Amino acid sequence: MKIIMLGAPGAGKGTQAKMIAEKYGIPHVSTGDIFRANIKNGTELGMEAKKYMDQGLLVPDELTVKILLDRVAQEDCRNGYVLDGFPRTIPQAEVLDKALAELGEEIDYAVNVDVPDENIVKRMSGRRACLSCGATYHIEHIPPRQEGICDNCSQSLVLRDDDKPETVQNRLKVYHEQTQPLIDFYTAKGVLRTVDGTVDMKEVFDAIVSILG
Ligand code: ADP
Ligand code: AMP
């Protein structure tokens, strides 16, 4: 099963993608996580991506598409995957479509997690991330067992640089301009399904499971 998560930054794509990956036994592929791992390891790709991420801008398609296509070509993606944060532009979606078509494959579902802009800034300022294992928490809604410490790997949790309110506004603008058109793109393909992302994360997940089966 090949699934794409759509939605504004902070809508809960990563939270749901991790649960989907676990339930259906497919890898969770997050371009944001791949970039953050590269930044942490000080790679050239990481240094280039950081310039854009810190401003709330998208990393150019030339860089992003290659890392994604390399990732989904790996053995563990053979039976499908859940993409979180990719595609984010129409050209990215077209490249993915073409690469899949060459293999005689296609996306099964594009799940749009719908959360209005008013809720997003609050979500992002409360998000705490583990840069070591990629786990995500929320200080009010989904707190870790011990404040500031990752449940999975005991590393310190951080407020991502790009989750500061001034950057979030930029990311929302970029989302509406460049990513939202993907809703029409996947509607036209007949694979778009929208869920209400404002309810409790378990309820969101139940709605997604009833779609995926
Ligand atoms: P995205 O991957 O779309 O950027 P995340 O999954 O990281 O978003 O979620 C953004 C923030 O909102 C995180 O702090 C997460 O813990 C929290 N969150 C996710 N889903 C919900 C929900 N249904 N209700 C409340 N908070 C949520
Ligand atoms: P995320 O973790 O999905 O919120 O992504 C964090 C940041 O990484 C984004 O704000 C972008 O700067 C960059 N990024 C992640 N995925 C993509 C993508 N598909 N295209 C362009 N930039 C991306």
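Quantities reported herein were computed from a predicted structural model and do not represent experimental measurements.

(A) Focus on the overall build of the chain. Within the chain, the secondary structure is distributed over nine helices and seven strands. Taken over C-alpha atoms, the radius of gyration comes to 16 Å for the chain, in line with the 17 Å a tight globule of 213 residues would show. Reported as C-alpha extents along the three principal axes, the dimensions of the chain are approximately 45 × 40 × 35 Å. For the chain, with 213 residues in total, the buried portion stands at 46%. Across the chain, the fraction of contacts at a sequence separation of at least 24, relative to all contacts at a separation of at least 6, is 69%. Counting only carbon and sulfur atoms, one obtains 49% of the accessible surface of the chain, whose full area is about 10900 Å². Side-chain charges in the chain split into 25 positive and 33 negative, and the spacing between the mean points of these groups amounts to 3 Å.

(B) Structural view of the sheet that holds strand S4 (residues 109–114). Ordered in space as S2-S3-S1-S4-S7, the five strands form an open sheet in which the pairing is parallel. Pairing within the sheet leaves two strands with one partner each, and these edge strands are strand S2 (28–30) and strand S7 (192–196). Neighbour-to-neighbour, the strand axes of this sheet turn through a mean angle of 25°, independent of strand direction. Pairing of strand S1 (residues 2–6) with S4, which is carried by four bridges, proceeds in the parallel orientation. Its bridge partner lying in S4, Met 5 is registered against Val 111.

(C) Quick look at the packing of helix H2 (residues 31–40) against helix H4 (residues 61–72). Where H2 contacts H4, the two axes come as close as 11 Å, and the packing angle between them is 105°. Here H2 lies roughly perpendicular to H4, going by the angle between them. Here Thr 31, Ile 34 and Phe 35 of H2 lie close against H4, whose contacting residues are Thr 64, Ile 67, Leu 68 and Arg 71.

(D) Quick look at H2. Of all the positions in H2, only Thr 31, Gly 32, Phe 35, Arg 36 and Asn 38 are classed as buried. Buried residues of H2, seen end-on, are gathered within an arc of 160° and therefore sit on one face of the element. Buried positions along H2 lie against S2, helix H3 (44–53), H4 and strand S3 (81–84). Looking one or two residues beyond H2, the residue adopting positive phi is Gly 42, at roughly 65°.

(E) Region of interest: H3. Among all positions in H3, only Leu 45, Gly 46, Ala 49 and Met 53 are buried. The buried residues of H3 all sit within an arc of 90° when viewed along its axis, so they share a single face. For H3, the exposed residues set more than 90 degrees away from the buried face come down to Glu 44 and Met 47.

(F) Examining the site of ligand 1 more closely. Taken together, 20 residues lie near ligand 1, and Gly 14, Thr 15, Arg 127, Tyr 137 and Val 199 sit nearest. A distance of 3.0 Å separates an oxygen atom of ligand 1 from a polar backbone atom of Gly 12. Tyr 137 is positioned such that a nitrogen or oxygen atom in its backbone is 2.7 Å from an oxygen atom of ligand 1. With the chains in place, 93% of the 570 Å² that ligand 1 exposes on its own is no longer accessible. Going through the elements one at a time, helix H1 (13–24), strand S6 (136–138) and helix H9 (201–212) are the ones with two or more residues in the shell around ligand 1. Looking at the shell around ligand 1 residue by residue, the classes come out as eight nonpolar, eight polar and four charged.

(G) Structural context of the layout of surface pockets. Put simply, the second largest pocket is a space of about 280 Å³. Looking at the second largest pocket, the residues that line it are Thr 15, Lys 18, Met 19, Glu 22, Ala 135, Thr 136, Tyr 137, Ile 142, Pro 143, Asp 151, Asn 152 and Met 201. Among the elements of the structure, H1 and S6 are those that each provide at least two residues to the lining of the second largest pocket. It is H1 that provides the largest number of residues to the lining of the second largest pocket, a total of four residues. Looking at the lining of the second largest pocket residue by residue, the class counts come to six nonpolar, three polar and three charged.

Calculation notes
- Residues numbered from 1 in each chain as written.
- Chains lettered and ligands numbered in written order.
- Predicted model: local features only at pLDDT ≥ 70, side-chain atom pairs only at ≥ 80, totals over all residues.
- Heavy atoms only, no water.
- Helix = DSSP H or I, 4+ residues; strand = E, 2+ residues; numbered from the N terminus.
- Rg over C-alpha atoms; globule rule 2.2 N^0.38 Å.
- Buried < 20%, exposed > 50% of the residue type's maximum accessible area, 1.4 Å probe, protein only.
- Contact = heavy atoms within 4.5 Å.
- Areas by Shrake-Rupley, 256 points an atom, 1.4 Å probe, with all protein chains shown as cover.
- Lys, Arg positive; Asp, Glu negative; His and termini not counted.
- Charge placed at Lys NZ, Arg CZ, Asp CG, Glu CD.
- Pairing = 2+ DSSP bridges.
- Axes fitted to C-alpha atoms, helices over the stretch in contact; angles between N-to-C directions.
- Parallel < 35°, antiparallel > 145°, perpendicular 65-115°, else oblique.
- Arc of directions from axis to C-beta.
- Near = heavy atom within 4 Å.
- Polar contact = N/O pair within 3.5 Å; in protein donor to acceptor, adjacent residues only side chain to side chain.
- Nonpolar A, V, L, I, M, F, W, Y, C, P; charged D, E, K, R; others polar.
- 1 Å grid on protein atoms, 1.4 Å probe; cavity = no way out; pocket = protein on both sides within 12 Å on 5 of 7 lines; lining within 4 Å.
- Points joined across faces, edges and corners; volume = space filled by probe spheres on them.

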